[in-house]
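Residues per chain are reported as follows:
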Amino acid sequence: MIEVLVSILLLMGAAFMVLASVGVLRLPDLPTRMHATTKASALGAMLTMAGVAFHFGDSTVVARAVAIVVFIFLTAPIAAHVIGRAGYFTGVKLWEGTVKDELRERYDVRLNRLESGPEADEQPASPEHKSSNPD
Amino acid sequence: MIGLFWNLLLALAWVTLTGSVTAMNLLAGLLFGYAALMVLQNQVPVLKGYSRRIPRLTAFLVYFLKELVKSNLKVAYDVATPVWHMRPGVIAFPLRAETDMEILFISSVISLTPGTLSLDVSDDRKVLFIHAMFLHDEEELRSDLRELERRVLKVMR
């Protein structure tokens, strides 16, 4: 019974890893590729580690598997953010199917400034909303 | 945060005093420490609301895992089928989070969920720029992100 569960988890993990690499090959531009690698590989690693933990069922192995998953979840989004940001600001072209880009017009290349734009005006409204609905 | 630290410290004290270093005993120590902090939290200001935070954290983790699987299936479907269904774009999302830690946590969680990737924070730290993969319905995406942020802040504050 436990072997079936372990096999399913390992196969699913491997499948997500394969999808992540296919995504890197197929997707058209840098940010969409980052989508494929961050999410699919994080989930793939998590499923594989769950399979390992169930297979050994030993507390030291389980602790290490949990630690590996935690570290992947801590580091993967930061790496994706840094790569995506560096790519965007060094002028990598977005895919032609991109529907909107609210960042471009607010970024001052000469001064290296990033304006917050009209959305910042929504900010004062939010604490008011929160105090009217205390939790 | 400090409550979690005290809980761990109490669990370690329990393990050393009972003299058996096993996972089950550590778990028992954590449970007793949690109960002790639950009694103490009304007297000690830094511990205020600690016992409420753990169930919220669990609820958040369940919600987060659900979203993670959902987002992966969506992205996987688009990668595996020959036609592109995605409509990528960059949107500006006003933040309610204020401290560095809250912004870090929210942008990380956003990077890990439904076809969204945080690109940058504006200089005044009020707006987060997000690259989204499925911009078919921007209002829906924004309300989903708002819901996610609300849940994160509930755990953090």
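Each value, and the rule that gives it
Residues numbered from 1 in each chain as written. Chains lettered and ligands numbered in written order. Predicted model: local features only at pLDDT ≥ 70, side-chain atom pairs only at ≥ 80, totals over all residues. Heavy atoms only, no water. 1 Å grid on protein atoms, 1.4 Å probe; cavity = no way out; pocket = protein on both sides within 12 Å on 5 of 7 lines; lining within 4 Å. Points joined across faces, edges and corners; volume = space filled by probe spheres on them. Helix = DSSP H or I, 4+ residues; strand = E, 2+ residues; numbered from the N terminus. Nonpolar A, V, L, I, M, F, W, Y, C, P; charged D, E, K, R; others polar. Pairing = 2+ DSSP bridges. Contact = heavy atoms within 4.5 Å. Axes fitted to C-alpha atoms, helices over the stretch in contact; angles between N-to-C directions. Buried < 20%, exposed > 50% of the residue type's maximum accessible area, 1.4 Å probe, protein only. Polar contact = N/O pair within 3.5 Å; in protein donor to acceptor, adjacent residues only side chain to side chain. Buried area = accessible area lost by both parts, 1.4 Å probe. Salt bridge = Lys/Arg side-chain N within 4 Å of Asp/Glu carboxyl O. Parallel < 35°, antiparallel > 145°, perpendicular 65-115°, else oblique. Left-handed = near helix turned anticlockwise from the far one by under 90°.

(A) Layout of the layout of surface pockets. Put simply, the largest pocket is a space of about 1,300 Å³. Of all the elements in the fold, those that place two or more residues in the lining of the largest pocket are helix H2 (30-56) and helix H3 (59-89) of chain A together with helix H1 (2-18), helix H3 (50-80), helix H4 (100-112) and helix H5 (138-156) of chain B. Partitioning the lining of the largest pocket into residue classes produces 31 nonpolar, four polar and three charged.

(B) Local environment of the sheet that holds strand E2 (residues 116-121) of chain B. Taking strand neighbours across the sheet as the criterion, the four strands line up as E1(A)-E1(B)-E3(B)-E2(B) in an open arrangement whose pairing is mixed. Bordering the open sheet on either side are strand E1 (100-101) of chain A together with E2 of chain B, each of which pairs with just one other strand. Sheet topology note: the E1(A)/strand E1 (residues 89-94) of chain B ladder contains two bridges and is parallel. What sits directly across from A:Lys100, in E1(B), is B:Gly89. Packed on one face of the sheet, H3(A) meets E1 of chain A together with E1 and E2 of chain B and runs near 65° to E2(B). Against the sheet, H5(B) contacts E1 of chain A together with E1, E2 and strand E3 (127-132) of chain B, and its axis sits at roughly 45° relative to E1(B).

(C) Layout of the environment of B:Arg151. Residue and element names in this part refer to chain B. Along the chain, Arg151 turns up in helix H5. Owing to a relative accessible area of 27%, Arg151 belongs among the partly exposed residues under this scheme. In sequence terms Arg151 and Leu26 are 125 residues apart; their C-alpha atoms lie 29 Å from each other. Ignoring sequence-local partners within four residues, the contact set of Arg151 consists of Phe60 and Tyr63. Looking at Arg151, its side chain comes within polar contact range of the side chain of Glu147, at 2.9 Å.

(D) Fine view of the interface of chain B and chain A. With 53 residues of chain B at the contact, the number on the chain A side is 51 residues. Regarding the contact of chain B and chain A, the summed buried area is about 4,200 Å², with carbon and sulfur atoms giving 67% of it. Taken together, the links from chain B to chain A amount to one salt bridge. The partner of A:Arg85 in a salt bridge is B:Asp120, and the shortest N-O contact between them spans 2.9 Å. Here the element with the most residues in the side of chain B that touches chain A is H3(B); it accounts for 13 residues. Looking at the side of chain B that touches chain A, its residues break down into 29 nonpolar, twelve polar and twelve charged.

(E) Here's a closer look at the packing of H2(A) against H3(B). Their axes nearest at 10 Å, the elements H2(A) and H3(B) cross at an angle of 125°. Taken as axis vectors, H2(A) and H3(B) run oblique relative to one another. For the pair H2(A) and H3(B), the crossing hand works out as left-handed. Judged by residue contacts, A:Ala36, A:Lys39, A:Ala40, A:Leu43 and A:Met46 of H2(A) engage B:Leu65, B:Leu68, B:Val69, B:Ser71, B:Asn72 and B:Val75 from H3(B). Looking at the contact of H2(A) with H3(B) residue by residue, the classes come out as eight nonpolar, two polar and one charged.

(F) Inspection of empty space enclosed by the protein at higher detail. Using the criterion set out here, one finds one cavity of 30 Å³ or more in the structure. Considering only enclosed or pocket space, the largest cavity measures out at about 40 Å³ in volume. Lining the largest cavity are A:Leu19, A:Ala20, A:Ala36, A:Ala40, B:Asn72, B:Val75, B:Ala76 and B:Val79. Of all the secondary-structure elements, those providing two or more residues to the lining of the largest cavity are helix H1 (2-26) and H2 of chain A together with H3 of chain B. Its residues assigned to classes, the lining of the largest cavity comprises seven nonpolar, one polar and no charged.

Coordinates in, geometry out; function isn't part of it.
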